[in-house]
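Inside the fold
The primary structure of each chain is shown beneath.
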Amino acid sequence: MRTHAQVVVIGGGAVGAAILYHLAKAGITDTVLLEKNELTAGSTWHAAGNIPTYANSWLGMRAGNYAWRLYKELADNPDAPITYRHTSAIWPAHTPERMQLFRHLCGVSRSAGFDLAMLDPIEIEQLHPYWKADDTVLGGVLDPYEGDIDPSQLTQALAKHARAMGAEVKRFTTVTGLHQRRSGEWEVETPSGTLIACTVINAAGSNGARIAAMAGMHVPVVTLEHQYMVTSPLAALEKDTAVFPLIRDPDIRFYLRRERNALLLGSYAHKGRPVWRDGVPQDFDHQLFADDIDGMMAVFEAAASHVPLLAEAGAQRFVNGPIPYSPDALPLVGPAAGVRNFYHATGVQIGITHSAAIGKAMAEWLTVGETEWDLSAWDPRRFGSWTTQEYASARASEHYDLQYAIPYPHRIMETGRPVNQTPLYELLAQQGAVFGQIGGWERAFWFNRDQASDAHALSFAHEPWQDAVRVECETVRDHVGVMDHGGFTKFTLEGPEAAKVLDMVICGTLPPVGRVRLSYTLTPLGHIWSEATIARLADDKFMLCGPTMAVDRDFDWLSAALGDADAILTKGYSQDGALLVMGPKSRELLQSLTKADLSATSAPWMSVAEINIAGVPVTAMRVSYVGELGWELHVASAHLTLLYDAIWQAGTAHGICNFGSYALNAMRIEKGYHGWGADFGTEYTLFDAGLSKFAKIGKADFTGCTAVAQQAMRQADWAFIGLEVNDPGPEPLPSDPIILEGRAIGYLTSVSMGYRTGKLLALGYVENGTLEMGGTCFVQAFGVMRTATRHSHHVYDPRNDRLRS
């Protein structure tokens, strides 16, 4: 074994082998893959080997489509042949709500450039020789890209190709320790000796948490049981060697495909069953759990009602093996939090499919420093230290149970909560707060006053929260509202070189003392990394506020930029709590509680001051994400209840209400304000997103400045637009396509009823130059073409008179 390597990959399943292969293809061949047993010994060897491209997101669809194309290419390579079958897949629907979802996802696939298609029951029968409809089947959707592959063959082929290009694979080599040198290199300890690596990639699957712990990190990987069965050989399939589609029936919760001359039946019909609270046993390799025959038989009988051929089959074998999950069932892929030169690629539930995209992303990170696709949804830093093993286990189990459930956009996950909450949690609960969780923090999503509605009723049409949010938005418009913004991401940057460093990070200009400015950080290639509201408290002291879910991700970014500068970056701010006080009566209300002058002259829009309100020290920022006169009041948690009570008591004379995250989101869409993770990210430039006004093009030395200067000289690929949906119907969803002259020219990113304007509003992107201001197009929502008109983003108070008042 080598003693030094540019990259060490830990884990020899499909994910680790795909990473090694993609690194080699990208020219990084000074690499070693370490596997504690045989290749595929973890979850890979027993995986069903399906390659779904149907997904609820663009990223999922892209990952699946990249996988099958790569695997088809590998299957055609005679140097390491693998068994790959392109079968397609059919998803039957038994409820109107499922049909709604399928119509929506056909639209999403269209906006992403793929081709899911709706089917009626007769068409399903025509496509599948052994599947029969009954009166419960309303239709379905066709995924024309799905196939299946032998996972072990795939892994061996990827490893063989990587070795042929110069990579090394060491089997039966257990990693026993990880230590980072001051240089940033890693000492990777094994029984065969210590290997020095410039970069380490943790692709250890269910062992991912153990590998992370060796390096002093925590990643929330949970292992659950997942079971499928293979039937005995069937005479009909001995005679019929044709390929037919895989069936995934989400309402009955099974998948079914051909396995040579038999059928393979998998089930998600049981509750999530976590195993190994203390980590994977060291000797668990190529092993399985006890069969759950009774649980499988219930699904078997339901599936046989639609595939009568199953009734002729016995059981050849049951496979109940480990499957790794993260707390939100999405992979943990990307740079590790707080350390250099360490990446995670673990917690990958759909490992055979997602391994290809993960390999692609790792090669991009290590060659160009950023990825083609925005992988923030997979970033392992979305989970902080608050993600205990108990929380992760409960949440992963809940997601397993919901694997085939309809993904309603406003489903609130319940397990493992609460984790973090502000001192106002109980008080707001008494006032009807319906809480959700953002970045581990409990935050009121809306207020169910008098418990008048079923807070958990789910639908693609009208839901109870919409009536409540209308009242909240109208009250903020006409009077005043207060919101407890728990978990607000804040950083403190101070020191003699604080301004110099920050000026090199952001693409715009710094605010003067006492002022606030919205700023953007860019990647070296000029794509949008994140945003920050910067409040300058002194010449050498700044408070930065950013997206809640990006706290560790952005802290790492800023820390790397800081380098050896004479400045100190701190996660958090002394005033750790935050109340948003918004509405035309907000000044009158707050002025009654302070001696500070809150007039428009003394406290103008985008200003900041450290004052006392009701005797409580606060950092008062005159900013508003909802488009009304208002303040963000940053206050120490110890004083939060006192300040809230004083504001509420004074606000009763002004018609005050509580408002939550749903109202906040509806109002920011009405104002055309961008949301990180929804309306911008690393796939967009400032010019695509309509944010170029925040850059100082001639400014030198900020990250991405060269790319921005080049982008400014040509037309952007995309135009960020606002739309009003004119035709009645349920709210469209993000990723629904924008259609013009029968062609998808773009897609939606954010949608909400504008409760203050009475308009159904959307934000999104279109190909630049395809839709003029005032032009009419269509939005494809749940299969229905609905007319829409392009308008200025700022539908509400377009001149910002309310903000500046």
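Residues numbered from 1 in each chain as written. Predicted model: local features only at pLDDT ≥ 70, side-chain atom pairs only at ≥ 80, totals over all residues. Heavy atoms only, no water.

1. Side note on the overall build of the protein
If you tally the helices and strands in the protein, you get 19 helices and 39 strands. Scaling as 2.2 N^0.38, a compact globule of 805 residues should have a C-alpha radius of gyration of about 28 Å, and the protein matches this with 27 Å. Taken over the C-alpha atoms alone, the protein extends approximately 85 × 65 × 50 Å along its principal axes. Here the analysis covers contacts within the protein between residues at least 6 apart in sequence; of these, 72% occur between residues at least 24 apart. With the model as given, the accessible surface of the protein reaches about 29,900 Å², and the carbon-plus-sulfur share is 51%. Here the protein carries 65 positive and 88 negative side-chain charges, and the mean point of each set is 4 Å from the other. (Helix = DSSP H or I, 4+ residues; strand = E, 2+ residues; numbered from the N terminus. Rg over C-alpha atoms; globule rule 2.2 N^0.38 Å. Contact = heavy atoms within 4.5 Å. Areas by Shrake-Rupley, 256 points an atom, 1.4 Å probe, with all protein chains shown as cover. Lys, Arg positive; Asp, Glu negative; His and termini not counted. Charge placed at Lys NZ, Arg CZ, Asp CG, Glu CD.)

2. A few points about the pattern of salt bridges
Per the stated rule, a full pass over the model turns up 40 salt bridges. Across the pair Arg381 and Asp379 runs a salt bridge whose closest N-O atoms are separated by 2.9 Å. Note on accessibility: Arg381 and Asp379 belong to one class, buried. Taking the shortest distance from any N to any O, the salt bridge between Arg756 and Glu670 comes out at 2.7 Å. Placement of Arg756 in the loop between strand S36 (743–754) and strand S37 (759–767) and of Glu670 in helix H17 (residues 661–670) is noted, with a sequence separation of 86 residues between them. Note on Glu670: relative accessible area 1%, which makes it buried. (Salt bridge = Lys/Arg side-chain N within 4 Å of Asp/Glu carboxyl O. Buried < 20%, exposed > 50% of the residue type's maximum accessible area, 1.4 Å probe, protein only.)

3. Considering the side chain of Thr53
Its place among the elements puts Thr53 in the loop between strand S3 (50–51) and helix H2 (58–75). By relative accessible area, Thr53 is classed as buried at 2%. Looking at Thr53, its side chain comes within polar contact range of the side chain of Asp143, at 2.5 Å. Contact partners of Thr53, with chain neighbours within four places excluded, come to Gly60, Met61, Gly64, Asn65, Trp68, Asp143, Tyr145 and Glu146. (Polar contact = N/O pair within 3.5 Å; in protein donor to acceptor, adjacent residues only side chain to side chain.)

4. Side note on the sheet that holds strand S28 (residues 568–571)
Each strand in a sheet pairs with its neighbour through backbone hydrogen bonds, running either in the same direction (parallel) or in the opposite one (antiparallel). Spatially, the 5 strands line up as an open sheet ordered S25-S26-S27-S24-S28, and their pairing is antiparallel. Edge positions in the open sheet fall to strand S25 (516–522) and S28, since each of these has one partner strand only. On average, each strand axis in the sheet is tilted by 30 degrees relative to the strand beside it, whichever way the strands run. Relative to strand S27 (residues 541–546), strand S24 (residues 489–494) runs antiparallel, the two sharing 6 bridges. What sits directly across from Thr492, in S27, is Met543. (Pairing = 2+ DSSP bridges. Axes fitted to C-alpha atoms, helices over the stretch in contact; angles between N-to-C directions.)

5. What about the nonpolar core?
Formed by 118 residues in total, the largest nonpolar core has its most connected members in Tyr71, Ile528, Phe659 and Leu723. It is H2 that contributes the most residues to this core, 7 residues altogether. Formed by 33 residues, the second largest nonpolar core is a distinct cluster that contains Ala444, Phe447, Leu590 and Leu598. (Core = buried A, V, L, I, M, F, W, Y, C linked by side-chain atoms within 4.5 Å.)

6. What to know about the sheet that holds strand S32 (residues 630–635)
Pairing is mixed across the open sheet formed by 6 strands, whose spatial order is S30-S31-S32-S29-S23-S33. Every other strand in the sheet has two partners, leaving strand S30 (608–613) and strand S33 (657–658) as the edge strands with one partner each. Where strand S23 (residues 481–484) lies against strand S29 (residues 577–582), 4 bridges are found, and the strand directions are antiparallel. By the bridge assignment for S29, Val482 is matched with Val581.

7. Brief notes about the packing of aromatic side chains
For the structure on display, the rule yields 34 aromatic pairs. Three or more aromatic residues link up through ring pairs in this structure, and these residues are Tyr54, Trp91, Phe102, Tyr255, Tyr268, Tyr325, Tyr400 and Tyr404. Across the ring face of Tyr255, the terminal group of Arg248 is positioned such that the distance to the ring centre comes to 5.5 Å. A cation sits over an aromatic face here: Arg622 above Trp631, 5.3 Å from the ring centre. (Phe/Tyr/Trp six-rings, centres within 6.5 Å; stacked < 30°, edge-to-face > 60°. Lys NZ or Arg CZ within 6 Å of the ring centre and 35° of its normal.)

8. Structural notes on the environment of Phe383
With respect to the helices and strands, the residue Phe383 is situated in the loop between helix H9 (351–367) and helix H10 (389–401). Considering only alpha carbons, one finds Phe383 and Ser326, 57 residues apart in sequence, at a separation of 9.5 Å. For Phe383, the contacting residues outside a window of four places in its chain are Pro220, Pro327, Asp328, Leu332 and Asp552.

9. With respect to the pairing of strand S2 (residues 31–34)
Here S2 shows two buried faces, one formed by Thr31 and Leu33 and the other by Val32 and Leu34. Pairing geometry for strand S1 (residues 4–10) and S2, over 4 bridges, is parallel. Bridged to Val9 within S2 is Leu33. Running through helix H1 (residues 14–25), the crossover from S1 to the neighbouring parallel element S2 is right-handed. As defined by bridge partners, S2 adjoins strand S9 (residues 168–170) across 3 bridges and the pair is classed as parallel. Residue pairing for S9: Leu34 is matched across the bridge by Lys170. (Right-handed = clockwise from strand over helix to strand, strands pointing away.)

10. So, the environment of Ile406
Relative to the elements of secondary structure, Ile406 occurs in the loop between H10 and helix H11 (425–430). Between the alpha carbons of Ile406 and Ser88 there is a distance of 21 Å; along the sequence they are 318 residues apart. Residue contacts for Ile406: discarding those within four places in its chain leaves Thr95, Glu97, Arg98, Leu101, Arg411 and Phe460.

11. A short note on the environment of His354
Structurally, His354 can be placed in helix H9. When the C-alpha atoms of His354 and Pro418 are compared, they prove to be 31 Å apart, with 64 residues separating the residues in sequence. For His354, the residues in contact, after removing those within four places along its chain, are Ala63, Pro331, Val348 and Trp378.

12. So, helix H13 (residues 498–505)
Buried within H13 we find Ala498, Ala499, Val501, Leu502 and Val505. Seen end-on, H13 carries its buried residues on one side only, within an arc spanning 165 degrees. Tucked inside the fold, the buried residues of H13 contact S24, S25, strand S26 (528–538), S27 and helix H14 (551–562). (Arc of directions from axis to C-beta.)

13. Structural notes on the packing of helix H12 (residues 464–478) against H17
Where H12 contacts H17, the axes come no closer than 9 Å and their chain directions differ by 65 degrees. Of the two possible hands of crossing, H12 and H17 adopt the one that is right-handed. Packed against H12, whose contacting residues are Trp465, Val469, Glu472, Cys473 and Val476, the element H17 presents Tyr662, Ala663, Ala666 and Met667 at the interface. (Left-handed = near helix turned anticlockwise from the far one by under 90°.)

14. Re the side chain of Ser397
Take Ser397: it is sitting in helix H10. For Ser397, a relative accessible area of 12% translates into the label buried. If near-sequence neighbours (up to four positions away) are discounted, Ser397 is found in contact with Leu224, Gly272 and Pro274.

15. A short note on H1
With 12 residues, H1 ought to run about 16 Å at 1.5 Å a step, and its terminal C-alpha atoms sit 16 Å apart, in line with that. Most of H1 is tucked away: 11 of the 12 residues are buried. Along H1, the positions that sit buried rather than exposed are Ala14, Val15, Gly16, Ala17, Ala18, Ile19, Leu20, Tyr21, His22, Leu23 and Ala24. Directly after H1, the chain includes Gly27, whose backbone phi takes a positive value near 100 degrees. (Expected span 1.5 Å × (residues − 1).)

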